[in-house]
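As a plain string of letters, each chain reads:
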Amino acid sequence: MAIQGPIPISFEQVFPHGCYLVGNVEQVKDFDASTNGRTVYAKDRTTGEPVWQVPVMDGDPTVKASQKTVAVKILSATEPIAPPAVAGVPITPVEFVGMTVTPYVSQTGRLAYSLRATGMRPPRAKQAPAGKEAAA
């Protein structure tokens, strides 16, 4: 099969309605390599970069409540910095760059997806479709 490893995908394909930070960035622990009193942090097998993760809420109103929050893993030599909070809004909108998706079969036997990115930033302004002008 020609597809091996993570599949490149755009942010807009994963989160067409946007997504929002609902927790803090944390470095992912390598539970297999860690021992009593000695924590080892995960590194990406391909790049060797440290792996961080952040929980986000999908902005799609049709997604079931139990599936709204997902973790996005970020490969970065340094701790990724969350975008600044928006005044008066309790959750922070975010956009991920360099996204990939890896399908796998979960412990329950269902198809699941691992989302990875190379960075995060504040969302960019949405572009109006060509030939359409914004209403005044």
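The structure this text deals with has already been given above.
Let me begin by describing the structure that accompanies this report. (Residues numbered from 1 in each chain as written. Predicted model: local features only at pLDDT ≥ 70, side-chain atom pairs only at ≥ 80, totals over all residues. Heavy atoms only, no water.)

1. Here we look at the pattern of salt bridges
Under the criterion given, the structure shown has 4 salt bridges. Across the pair Arg124 and Glu12 runs a salt bridge, and its minimum N-O distance is 3.3 Å. Here Glu12 lies in helix 1 (residues 11-14) and Arg124 lies in the segment after strand 9 (119-121), a separation of 112 residues in the sequence. Note on Arg124: relative accessible area 48%, which makes it partly exposed. Across the pair Glu95 and Arg124 runs a salt bridge, and its minimum N-O distance is 2.9 Å. Placement of Glu95 in strand 6 (residues 92-97) and of Arg124 in the segment after strand 9 is noted, with a sequence separation of 29 residues between them. (Salt bridge = Lys/Arg side-chain N within 4 Å of Asp/Glu carboxyl O. Helix = DSSP H or I, 4+ residues; strand = E, 2+ residues; numbered from the N terminus. Buried < 20%, exposed > 50% of the residue type's maximum accessible area, 1.4 Å probe, protein only.)

2. What to know about the nonpolar core
Ranked by internal contacts, the top residues of the largest apolar core, which has 18 residues, are Phe15, Val56, Phe96 and Met99. Elements with a contribution of two residues or more to this core: helix 1, strand 2 (19-21), strand 4 (51-58), strand 5 (69-75), strand 6 and strand 8 (111-117). With 3 residues, strand 4 is the single largest residue contributor to this core. With sequence-adjacent residues up to four places away left out, Met99 is seen in contact with Ile7, Pro8, Ile9, Phe11, Val14, Phe15, Leu115, Arg116 and Ala117. (Core = buried A, V, L, I, M, F, W, Y, C linked by side-chain atoms within 4.5 Å. Contact = heavy atoms within 4.5 Å.)

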